[in-house]
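One-letter residues, chain by chain:
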Amino acid sequence: MGEDRVQYCSVWESVLQLKKLVASNIVIIVAALAVIGLLVFSTISTTLKNQLVYSNQLVLENGAALLEDFIKRSKDAVLNIAIDPHVQSRLAEFHNGRTSIENIEKYVESNWTHRNSISGGGGVLDIYPYAVSEIYDYSESDGRYIEIDAEPWMADVIVNDGAFVVKTCMIDTTPYIRIAMLARSVPNWPNELAIVALNIKTDALLPLFYRIRLEDSNAPYLVDEYGEIILPYENTHGLRNNDLLSSDKTWWIREEYVFINTNVPSLNWKLLGVIEENELLERSRDIRKTFLIVGTTVVVFLLVVSMFFSVWITRPISNLARAMSKVESGKIREIEIEPYLGNETRLLYRQFNYMIRRINSLIDEVYVAQINEKEAELLALQQQINPHFLYNTLDSIAWMSMAYKAEDIRYMVMSLASMMRYSLNKGDNYISIRDELEQVRNYVGIQEIRYDNKFTTSIQCNNEALDYRIIKLIIQPLVENAIVHGFKDGGECGHISIVVDLIEDHVVLQVMNDGGTIDLDKIRRILAANDGDKLQSYGLRNVNDRLVKSFGKASAIVFSVKNDRTIATISIATKLLTKGTCDEPA
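Residues numbered from 1 in each chain as written. Predicted model: local features only at pLDDT ≥ 70, side-chain atom pairs only at ≥ 80, totals over all residues. Heavy atoms only, no water.

Student: Whenever I open this one, the sheet that holds strand β8 (residues 229–231) confuses me. Can you help?
Tutor: Strand pairing in a sheet relies on backbone hydrogen bonds. The paired strands run either parallel or antiparallel. Strand order in the open sheet made by the 5 strands is β8-β7-β11-β10-β9, with antiparallel pairing throughout. Two strands in the sheet have a free side with no partner beyond their single neighbour: β8 and β9 (251–254). This sheet shows a mean twist of 30° between the axes of neighbouring strands, independent of strand direction. Bridging between β9 and strand β10 (residues 257–264) involves 4 bridges; their strand directions are antiparallel. What sits directly across from Trp 251, in β10, is Ile 260. (Pairing = 2+ DSSP bridges. Helix = DSSP H or I, 4+ residues; strand = E, 2+ residues; numbered from the N terminus. Axes fitted to C-alpha atoms, helices over the stretch in contact; angles between N-to-C directions.)

Structure (structure tokens):
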């Protein structure tokens with residue numbers, strides 16, 4: 001049952017991996033299409049907008065050309081009237097002092113040559129004789145020309161000195177376009193004769209104006225130089241002053257409208273087209289539908305392809321997952337999978353098979369090692385009996401020596417038993433300095449009796465350092481080295497000083513003797529020797545290695561000779577030490 005559950009979890013995990021892979025492919029595909037779609041739509045929108053503006057600019061430019069042609073024909077009519085011989089002769093008579101001449105306007109209006117150009121646009125002709133800076137008009141009641149006050153537009157005509165002035169005006173609440181010029185004498189051109197003005201109803205422009213059709217079949221606005229709308233007569237789009245007066249931009253967008261501006265240069269007017277921005281959306285609708293259809297088809301196709309490749313890729317991984325589930329169930333000996341298509345999976349399968357074989361080999365090695373370890377533990381437990389047996393035997397000898405009153409023997413036996421008790425220390429490698437010095441006292445007591453008091457010993461210790469815990473058996477080997485090499489070999493008597501102090505956040509241990517001085521080169525070789533070298537002093541090397549491994553290289557033993565005294569120094573930072581005493585070992 002447990003095996004089936006493990007295999008089910010393995011298969012389920014493989015399915016989840018497949019779903020994750022497919023989902024990631026879908027996300028990547030949709031994201032890529034979305035980015036491409038945004039770029040395409042942005043490009044299409046910009047292109048359509050430019051095309052819309054360009055096509056409507058062409059419409060407005062054609063409309064401006066039509067307006068220019070209409071105004072030009074009206075200007076030609078005014079000029080023809082001004083240079084008409086009969087008009088010229090009548091104006092010349094007026095300038096010669098005859099103010100009672102007939103009305104010149106009636107002559108022009110009755111003349112068939114000029115009548116069509118005037119009446120065709122619902123026009124009204126005005127001719128005002130101009131002499132000695134005075135302006136005159138014909139009075140029907142008086143039957144002659146009389147002086148009148150100059151109107152502002154007349155001043156503009158005079159200032160222009162013969163150039164045409166085209167302005168909008170109102171005559172009896174009807175909007176007109178006034179085309180006026182200062183007429184001169186043809187025989188004597190510098191002589192100014194009259195102001196000739198042709199007033200054309202703006203309605204005359206409507207047939208022409210409605211031929212100018214923009215994208216949405218709307219007509220543009222005709223705006224004069226003052227930002228006043230000439231045509232149409234209503235501001236249906238709520239145009240603002242900055243829209244009507246703008247002349248430095250060809251097109252702009254405000255709110256939901258696109259504004260296209262084209263100037264009519266000779267008139268200082270402009271045609272302003274207004275198109276709803278929705279026109280752009282209408283144009284891009286078909287493109288958007290096509291793109292969505294194509295994009296959906298591509299997504300479906302890519303998903304099918306992605307599913308196929310996902311299954312093709314994950315199948316060997318699923319097989320490997322099922323094999324791994326057997327590893328979890330413990331059936332390592334039975335696993336061996338066949339290589340699958342593809343270099344990657346073949347390499348993966350080969351490595352998996354190698355791993356299984358290696359695991360089986362390691363299992364065998366570990367099994368043998370565990371057996372050996374058990375045997376070593378049994379041997380160690382057996383050997384632990386010997387120190388306890390020896391300790392109990394020494395205790396019995398001490399009692400017997402006391403019964404025979406052999407005090408030296410009893411003292412040595414009790415000191416040796418105490419040393420064994422501390423060396424056991426319940427298996428703890430760390431001991432307080434207080435207990436370490438106690439062990440040194442026992443050892444020195446034994447050696448003083450052994451060497452017949454050939455040397456003396458003193459111990460000085462800073463009380464604040466007594467409770468610091470150090471690794472055991474680091475002072476005793478130094479004392480033993482001082483006795484053996486300082487007094488035994490040299491045959492001299494002397495003194496051994498053991499000093500424990502606190503100096504600058506360090507516990508400093510020193511063993512000094514005034515016996516035979518030590519060979520410092522030899523000591524350096526011993527402390528620096530490799531593990532395979534043959535040594536005569538394993539104790540010092542053992543102490544030094546344990547110090548370095550426990551407290552770092554700074555705590556290594558330093559030997560020196562000063563004033564014929566050999567000094568062994570150990571310095572350990574207090575931050576590396578703890579305080580406390582251990583229980584008495586059993």
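Student: Looking at this model, I keep getting lost on a nonpolar patch on the surface. Mind explaining?
Tutor: A cluster of nonpolar side chains, Leu 79, Ile 83, Val 186 and Trp 189, forms an exposed patch at the surface whose accessible area comes to about 340 Å². Within the secondary structure, Ile 83 sits in the loop between α1 (2–82) and α2 (85–95). Take Ile 83: its relative accessible area is 36%, and that puts it in the partly exposed class. (Patch = residues over 30% accessible without salt bridge, like charges linked within 9 Å, V, L, I, M, F, W, Y side chains within 5 Å. Areas by Shrake-Rupley, 256 points an atom, 1.4 Å probe, with all protein chains shown as cover. Salt bridge = Lys/Arg side-chain N within 4 Å of Asp/Glu carboxyl O. Buried < 20%, exposed > 50% of the residue type's maximum accessible area, 1.4 Å probe, protein only.)

Student: In this structure, what is going on with the pattern of salt bridges? I would like to understand it.
Tutor: Pairing between side chains of opposite charge can happen when their charged atoms approach one another. Tallied over the full model, the rule gives 12 salt bridges. Across the pair Arg 90 and Glu 102 runs a salt bridge, and its minimum N-O distance is 3.4 Å. Taken together, the residues Arg 90 in helix α2 and Glu 102 in the loop between α2 and α3 (104–110) connect sequence positions 12 residues apart. Residue classification places Glu 102 among the partly exposed positions, given a relative accessible area of 42%. Across the pair Glu 438 and Arg 441 runs a salt bridge whose closest N-O atoms are separated by 3.6 Å. A residue pair is termed a helical-turn pair when its members lie 3 or 4 positions apart in one helix, as Glu 438 and Arg 441 do in helix α11 (residues 433–450) at 3 residues. For Glu 438, a relative accessible area of 32% translates into the label partly exposed. On the accessibility criterion, Arg 441 (40% relative accessible area) is partly exposed. Residues participating in the shared-partner salt-bridge network are Arg 90, Glu 93, Arg 98 and Glu 102.

Student: Please clarify how the layout of surface pockets should be interpreted in this entry.
Tutor: To find the voids left in a structure, one rolls a probe of water-molecule size over its atoms. Quantified by volume, the second largest pocket comes out at close to 200 Å³. Along its surface, the second largest pocket is lined by 15 residues, and Thr 168, Cys 169, Asp 224, Glu 228 and Ile 230 are the ones closest to its centre. Listing elements by their share of the lining of the second largest pocket, those giving two or more residues are β4 (165–171), β5 (174–184) and β8. Of the residues forming the lining of the second largest pocket, the biggest block, 4 residues, is contributed by β4. Residues belonging to the lining of the second largest pocket are distributed by class as follows: 9 nonpolar, 2 polar and 4 charged. (1 Å grid on protein atoms, 1.4 Å probe; cavity = no way out; pocket = protein on both sides within 12 Å on 5 of 7 lines; lining within 4 Å. Points joined across faces, edges and corners; volume = space filled by probe spheres on them. Nonpolar A, V, L, I, M, F, W, Y, C, P; charged D, E, K, R; others polar.)

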